[in-house]
Amino acid sequence: MRGSDYAELKAFVTIVAHGNFARAAAELGISASTLSQTIRALEARLGLRLLNRTTRSVSLTDAGERLHARFRPAMIEMEAAVRNVVDARDTPAGTLRVHLPSVAAATFLEPTLGRFHAAYPDIVLDVTIDDSVTDIVEAGYDVGARLGEFLEADMIAVQLGGEQRQLAVASPEYIARYGRPNVPGDLLQHHCINWRQPGGKGLYKWEFLKDNTWFSVAVNGPLIVSHREMALAAAVQGVGIAFWAEDLVRPLIEDGKLLPLLEEWCGTFPGWFLCYPSQRYTPPSLRAFVDFLRRDRGLQRPLEEIAMDRRMTTRQAPVGDRRYNRRRCRSTDDCLINKSQALRTIKGSL
């Protein structure tokens, strides 16, 4: 295969991954017009149309689907072989693509950036902060962070911390004017600040726990946001009641800017995990990143020392009319999970 042949095929796979010429061109570092010419040259050489193109969308033809199904795995394997050789050096180096929801980024990565760079100056962190649902393998990321109940199939997951919970909060001024909700159902008579996950259509239903049973409440109010930082700012200003991670609202509670509500109804759920694809060879840069964040959280045992065969416990809890499994390690401090099956849940992400 000539170098130009591989470049054309890689361009084709990148377009399919993004579903868009402009985004694919940006990743490849070329112009959209150059990328379009590359694909036309590939189609002319093969004598087949691979992509159906309109002004708004790109889709695969039958021939394109067959080519993509065969070539993409081969391309991934070839690039992995090259990375394997490059990463075989003693010093971790190279670019590590990281996908983090905003809460995980603020909690685990932002406070450590200086120390990580000092420890590993040859690693370039390419960090995407994004609260939308993303398949990190399909999107080409090396590592991401997920709540325990959102771990994807066939991923290695390394626990970063303990359980999490969300709290309902409102400003003292709001409480003085409208009073406190005593049970979650009272929220229907209050002004609540709704959250829509980026890229989603529906609104997140606030979830509560009573007698080991999860249930949800569809709230209403004067504001809908896709970033909960704005929801907290609005709550501080008295716009309404917000619902967010306890770790992030606690400082505002301690400062007297917000008051906690319905605490006895706010249950805990599995916390944050670093996750990455199960693979035969873990690149030194990825190993260094995972081990560094675990040590920073006081989890001293490095990745290579954690047993792969931790026995899991399974607990089922009803949520509305649906059921889901929660899998937990017996030891929460050094839990490593090889996720051979997807955990299914309807719990909203933070």
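Provided above is the structure to which this section pertains.
As a starting point, this report considers the structure included with it.

Each value, and the rule that gives it
- Residues numbered from 1 in each chain as written.
- Predicted model: local features only at pLDDT ≥ 70, side-chain atom pairs only at ≥ 80, totals over all residues.
- Heavy atoms only, no water.
- Helix = DSSP H or I, 4+ residues; strand = E, 2+ residues; numbered from the N terminus.
- Buried < 20%, exposed > 50% of the residue type's maximum accessible area, 1.4 Å probe, protein only.
- Contact = heavy atoms within 4.5 Å.
- Areas by Shrake-Rupley, 256 points an atom, 1.4 Å probe, with all protein chains shown as cover.
- Salt bridge = Lys/Arg side-chain N within 4 Å of Asp/Glu carboxyl O.
- Pairing = 2+ DSSP bridges.
- Core = buried A, V, L, I, M, F, W, Y, C linked by side-chain atoms within 4.5 Å.
- Arc of directions from axis to C-beta.
- Expected span 1.5 Å × (residues − 1).
- Phe/Tyr/Trp six-rings, centres within 6.5 Å; stacked < 30°, edge-to-face > 60°.
- Lys NZ or Arg CZ within 6 Å of the ring centre and 35° of its normal.
- Axes fitted to C-alpha atoms, helices over the stretch in contact; angles between N-to-C directions.
- Parallel < 35°, antiparallel > 145°, perpendicular 65-115°, else oblique.
- Nonpolar A, V, L, I, M, F, W, Y, C, P; charged D, E, K, R; others polar.

A few points about the overall build of the chain
Stage number 1. When helices and strands are tallied, the chain shows 10 helices and 18 strands.
Stage number 2. Within the chain, the fraction of its 350 residues that count as buried is 44%.
Stage number 3. Taking contacts inside the chain between residues at least 6 apart in sequence as the whole, the part at least 24 apart equals 72%.
Stage number 4. Carbon and sulfur atoms make up 50% of the accessible area of the chain, which totals about 18,100 Å².

Re the pattern of salt bridges
Any two side chains of opposite charge can pair, given that their charged atoms come close.
Stage number 1. On inspection of all chains with the given rule, the structure shows 10 salt bridges.
Stage number 2. Close ionic contact of arginine 45 with aspartate 5 constitutes a salt bridge, the shortest N to O distance being 3.6 Å. Of the two residues, arginine 45 is situated in helix 3 (residues 32-46) and aspartate 5 in helix 1 (residues 3-18); the sequence distance between them amounts to 40 residues.
Stage number 3. Using a relative accessible area of 11% as the deciding quantity, one classes aspartate 5 as buried.
Stage number 4. The closest approach of N and O atoms between glutamate 263 and arginine 250, which form a salt bridge, is 3.8 Å.

Looking at the pairing of strand 7 (residues 164-170)
Stage number 1. For strand 7, the buried fraction is high: seven of the seven residues fall into the buried class.
Stage number 2. Bridge count for strand 7 against strand 13 (residues 259-261) is three bridges, and the pairing is antiparallel. Of the residues in strand 13, the one forming a bridge with alanine 168 is leucine 261.

Re the nonpolar core
Stage number 1. The biggest cluster of nonpolar side chains holds 60 residues, and the ones touching the most others in it are Trp206, Phe208, Ile241 and Phe289.
Stage number 2. Once residues lying within four places of it in the same chain are set aside, the contact partners of phenylalanine 289 are Leu96, Val98, Leu109, Phe116, Leu125, Val143 and Leu274.
Stage number 3. Core analysis: the second largest hydrophobic core is formed by 16 residues, Phe21, Leu35, Leu42 and Leu51 among them.

Describing helix 2 (residues 21-28)
Stage number 1. Buried within helix 2 we find Phe21, Ala24 and Ala25. All buried residues of helix 2 lie within an arc of 100° about the axis, which places them on one face of the element.
Stage number 2. Just downstream of helix 2, glycine 29 is the residue with a positive phi angle, here 75°.

A short note on helix 10 (residues 284-296)
Stage number 1. Taking 1.5 Å of rise per residue, 13 residues should cover 18 Å, and helix 10 covers 18 Å from first to last C-alpha, within 8% of that figure.
Stage number 2. Of all 13 residues that make up helix 10, 10 are buried, and the element is covered over most of its length.
Stage number 3. Within the sequence span of helix 10, burial applies to Pro284, Ser285, Leu286, Ala288, Phe289, Val290, Asp291, Phe292, Leu293 and Arg294.
Stage number 4. Within two residues after helix 10, glycine 298 carries a phi angle of roughly 80°, on the positive side.

Notes on unusual backbone geometry
Stage number 1. Although it is not a glycine, asparagine 212 adopts a positive phi angle of roughly 65°.
Stage number 2. Turning to its location among the elements, asparagine 212 is positioned in the loop between strand 9 (206-210) and strand 10 (213-217).
Stage number 3. Phi is positive for leucine 262, which is not a glycine, with a value near 55°.
Stage number 4. Within the element layout of this structure, leucine 262 appears in the loop between strand 13 and strand 14 (268-269).
Stage number 5. Residue classification places leucine 262 among the buried positions, given a relative accessible area of 5%.

A look at the packing of aromatic side chains
Stage number 1. Applying the stated criterion to the full structure yields 10 aromatic pairs.
Stage number 2. When the ring of phenylalanine 215 is compared with that of tryptophan 265, the centres are 6.0 Å apart and the planes differ by 90°; the resulting orientation is edge-to-face. Of this pair, phenylalanine 215 sits in strand 10 while tryptophan 265 sits in the loop between strand 13 and strand 14, and the two are 50 residues apart along the sequence.
Stage number 3. For tryptophan 265, a relative accessible area of 14% puts it in the buried group.
Stage number 4. Of the aromatic side chains, those joined through ring pairs into one cluster are Trp206, Phe208, Phe215, Phe243 and Trp265.
Stage number 5. One residue, lysine 210, lies across the ring of tryptophan 265, its end atom 4.8 Å from the ring centre.

Overview of the packing of helix 2 against helix 3
Stage number 1. Put simply, helix 2 and helix 3 touch, their axes get as near as 8 Å, and they point 100° apart. Judged by the inter-axis angle, helix 2 sits roughly perpendicular to helix 3. Residues Phe21, Ala24, Ala25 and Leu28 of helix 2 pack against Ala32, Leu35, Ser36 and Ile39 of helix 3.
Stage number 2. Taken together, the residues of the contact of helix 2 with helix 3 sort by class into seven nonpolar, one polar and no charged.

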